[in-house]
Amino acid sequence: MASTIAEKIFASHLRDTPTPGDAVLDIDVVMCHEITTPIAITDLMEKGMDRVFDPDKIKAVIDHVTPSKDSKTATQAKILRDWARRHNIKDFFDVGNNGVCHALFPEKGFIRPGYTVIMGDSHTCTHGAFGAFAAGIGTTDLEVGILKGVCAFKEPVTMRVDITGTLPVGVYAKDVILHIIKKITVNGATNKVMEFAGPIVDRMSMESRMTLCNMAIEAGGTCGICMPDRTTAEYLWPFIDDKYESVDDAVKDFKQWHSDPDAHYDSTITIDVSDLVPQATFGFKPDEVKDITDIEGENVDQIYIGSCTNGRIEDLRAAAKVLKGRKISRNVRGILSPATPSIFNQALEEGIIKIFMDAGFCVTNPTCGACLGMSTGVLAEGEVCASTTNRNFNGRMGKGGMVHLMSPLSAAAASIAGHITDPRKYLQ
Amino acid sequence: MKQFGGPAIFLDRNDINTDEIIPAKYLTENSKTALKPFILEDLHLEGFDPQSDELKNAGVIVTRANFGCGSSREHAVWVFEVNDINVVIAESFARIFRQNMFNCGMLAVELPKEDIDIILSMGNVDIDIDVTNGVITAKGAGEKTFNFTLNDFARELIQAGGWLAYADKKY
């Protein structure tokens, strides 16, 4: 029977069907961070179930608040650290080697086409960029994942999103996904897998595909997913060169996961991006999106560039195009959090960190920090941030604060202008 | 099986997210009970007071579509649990929140918009839930019943007391 990529992954990982329509899957990678895992660890210990199903399939990182800012966050870090040591979890990333989980784990090669991936973090959908089924889960699901290596999901229902046309200059994956969320709403993909396809996706880098898949959850999607292809194989090559003779071989093998041409989709939408202009949110839901030209001049107090959505090297390069040789407005403060140490290093080597610092940005260590108002850039009541993150919820970056989501290029432009502005004028 | 029900509080808005239910700054707590005072602290809803007696006395939340969207934090379920709210009745739920409710042995019930409208129109109501037969009884100015369906897997999770107990036995 013709199947979608998600259906193929489900079929190959099916452990149990407790009732028709429910699937319990074997999980290839269980990822953990210090916000949602310590409470799972403590609960398992209290129940006398402090075990792990396979230490090699568990990956852990301290990323949300790091280095720890107070006793409570230090305790969370300690619980995770002690647990990783106790169970010989060798892929554990602590201060000095840590970064935002959804940027760090892909660059370590942990995610492969056809994998099942879970984490107690809603942005786990990011990893669908590799042709994996990757979904955010709660702490109880995480406990079961850690203990048994399984997780329950509804049989996948897929919404296909074909992205066509030509991406205009100054318009990025972030603008595309904001536009899609505006179109389908924050409830438009609830309980569905969002399969991103079409010529624009085919031409996207892995970084851009991760940005696209990262925000599937903002439309309610269980997972964003892209077909694994040559771009995927080239990205993963250092980790798979012992398994395949050549990149061509890997590309051929990855095809087994591709959705069949006659697979059944719950719905299909086509988005032509040829006339798209840079997008930004205006409000407290990620589907409240406008053309940036319609909110020209809106006030901002802080610029934040980073996060699992847009803290990768190509994001920093895009922002640096605008910042090079310029100073940020005296009315704003700018914060850059490169998402991982290797991105930080790469940006240093390319002179990008210097461009940011010369422009007047503060550069922090890799962390989730300000995105969810936990550290490194919390807003005061009434303040506004132009941000490359993924959520503009009420209070998200600090009580009484407001966030406008946008691309790194648009955020950089806002830092120079001191207010929201069309970034394309800085590209001439 | 656990008893489900109690006085209802209405949150008359779509797309209430888990950041509004429990802000991220409280996710550094390592116990569920520590979350108790912070319930719905950032809810963006006109006239809503997170310190109200109505919320303190509530045992059931009645709300609109896509409840619990956003972050996967199970803290959003726990903060209800430690405030003695063990049922949410909504037009629909975000996937992770709904799963978290059943995983904790709590009840997330979907009713069509028309039924939610009727409950809202009844004023202050007490809600009684018969999980076995799938019947909600709302008692206020009058009394009305509504049927709901739960799939067998969700019902088994509630009967087992949650997903961990279920999975530990079975897998």
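This text goes with the structure placed above it.
The rules behind these values
- Residues numbered from 1 in each chain as written.
- Chains lettered and ligands numbered in written order.
- Predicted model: local features only at pLDDT ≥ 70, side-chain atom pairs only at ≥ 80, totals over all residues.
- Heavy atoms only, no water.
- Phe/Tyr/Trp six-rings, centres within 6.5 Å; stacked < 30°, edge-to-face > 60°.
- Buried < 20%, exposed > 50% of the residue type's maximum accessible area, 1.4 Å probe, protein only.
- Lys NZ or Arg CZ within 6 Å of the ring centre and 35° of its normal.
- Helix = DSSP H or I, 4+ residues; strand = E, 2+ residues; numbered from the N terminus.
- Pairing = 2+ DSSP bridges.
- Right-handed = clockwise from strand over helix to strand, strands pointing away.
- Contact = heavy atoms within 4.5 Å.
- Buried area = accessible area lost by both parts, 1.4 Å probe.
- Salt bridge = Lys/Arg side-chain N within 4 Å of Asp/Glu carboxyl O.
- Polar contact = N/O pair within 3.5 Å; in protein donor to acceptor, adjacent residues only side chain to side chain.
- Axes fitted to C-alpha atoms, helices over the stretch in contact; angles between N-to-C directions.
- Left-handed = near helix turned anticlockwise from the far one by under 90°.
- Nonpolar A, V, L, I, M, F, W, Y, C, P; charged D, E, K, R; others polar.

K.L.:
Even after reading the chapter, I still don't get the packing of aromatic side chains, so can you show me in this structure?
P.N.:
How two aromatic rings sit relative to each other is given by the distance of their centres and the angle of their planes. The final tally for this structure, using the stated rule, is 19 aromatic pairs over all chains. Aromatic pair Phe356(A) and Phe361(A): ring centres 5.0 Å apart, planes at 90°, arrangement edge-to-face. The pair formed by Phe356(A) and Phe361(A) is uniform in burial state, with each residue classed as buried. Taking 6.1 Å as the distance between ring centres and 10° as the angle between the ring planes, the aromatic pair formed by Phe93(B) and Phe97(B) counts as stacked. Here the two residues Phe93(B) and Phe97(B) agree in accessibility, since each one is buried. Members of the aromatic cluster, connected to one another through ring pairs, are Phe67(B), Phe80(B), Phe93(B) and Phe97(B). The cationic tip of Lys290(A) hangs over the ring face of Phe282(A); the distance from NZ or CZ to the ring centre is 5.0 Å.

K.L.:
Mind showing me how you'd approach helix H5 (residues 139-148) of chain A here?
P.N.:
Residues and elements named next belong to chain A. Of all 10 residues in H5, 10 are buried; the element is thus mostly enclosed. Within the sequence span of H5, burial applies to Thr139, Thr140, Asp141, Leu142, Glu143, Val144, Gly145, Ile146, Leu147 and Lys148. Looking at the residues trailing H5, positive phi occurs at glycine 149, about 70°.

K.L.:
Even after reading the chapter, I still don't get the pairing of strand E4 (residues 58-61) of chain A, so can you show me in this structure?
P.N.:
If a strand is regular, its side chains alternate between the two faces of the sheet. All names here are of chain A. Of the two faces of E4, the one holding Ile58 and Ala60 and the one holding Lys59 and Val61 are both buried throughout. Bridge analysis of strand E3 (residues 29-33) against E4 gives four bridges, and the strand direction is parallel. If you follow cysteine 32 over to E4, its bridge partner there is alanine 60. The sheet contact formed by E4 and strand E5 (residues 92-93) spans two bridges and is parallel. Residue pairing for E5: alanine 60 is matched across the bridge by phenylalanine 92. At this point the chain moves from E4, through helix H3 (residues 71-86), to the parallel E5, and the crossover so formed is right-handed.

K.L.:
Which parts of the structure should I look at to understand the interface of chain B and chain A?
P.N.:
Accessible area lost on assembly of the parts is the figure often given for the size of an interface. Taken together, the contacts link 43 residues of chain B with 55 residues of chain A. At the boundary of chain B with chain A, total buried surface from both sides reaches about 4,000 Å², with 55% on carbon and sulfur atoms. In this assembly, chain B and chain A are joined by seven salt bridges. With its nearest N and O atoms 2.9 Å apart, the salt bridge here joins Asp15(B) to Lys285(A). Where chain B meets chain A, there are 22 residue pairs in polar contact (both at pLDDT 80 or more).

K.L.:
Hey, could you run me through the side chain of Asp15(B) in this one?
P.N.:
Following the sequence through the fold, Asp15(B) ends up in the loop between strand E1 (4-11) and helix H1 (18-21). At a separation of 2.9 Å, a polar atom in the side chain of Asp15(B) contacts the side chain of Asn66(B). In this structure, Asp15(B) is in contact with Val186(A), Asn187(A), Lys285(A), Glu20(B), Ala65(B), Asn66(B) and Cys69(B), ignoring residues within four places of it in sequence.

K.L.:
It is not clear to me how the packing of helix H2 (residues 38-46) of chain A against H5(A) should be interpreted in this structure. Could you clarify?
P.N.:
Axes are the key here: two packed helices are described by the angle between their axes and the distance separating the axes. Residue and element names in this part refer to chain A. Put simply, H2 and H5 touch, their axes get as near as 9 Å, and they point 65° apart. Crossing hand, H2 versus H5: right-handed. Together, Ile39, Ala40, Asp43 and Leu44 of H2 and Thr139, Leu142, Glu143, Ile146 and Leu147 of H5 make up the contact between the two elements. Broken down by class, the residue content of the contact of H2 with H5 amounts to six nonpolar, one polar and two charged.

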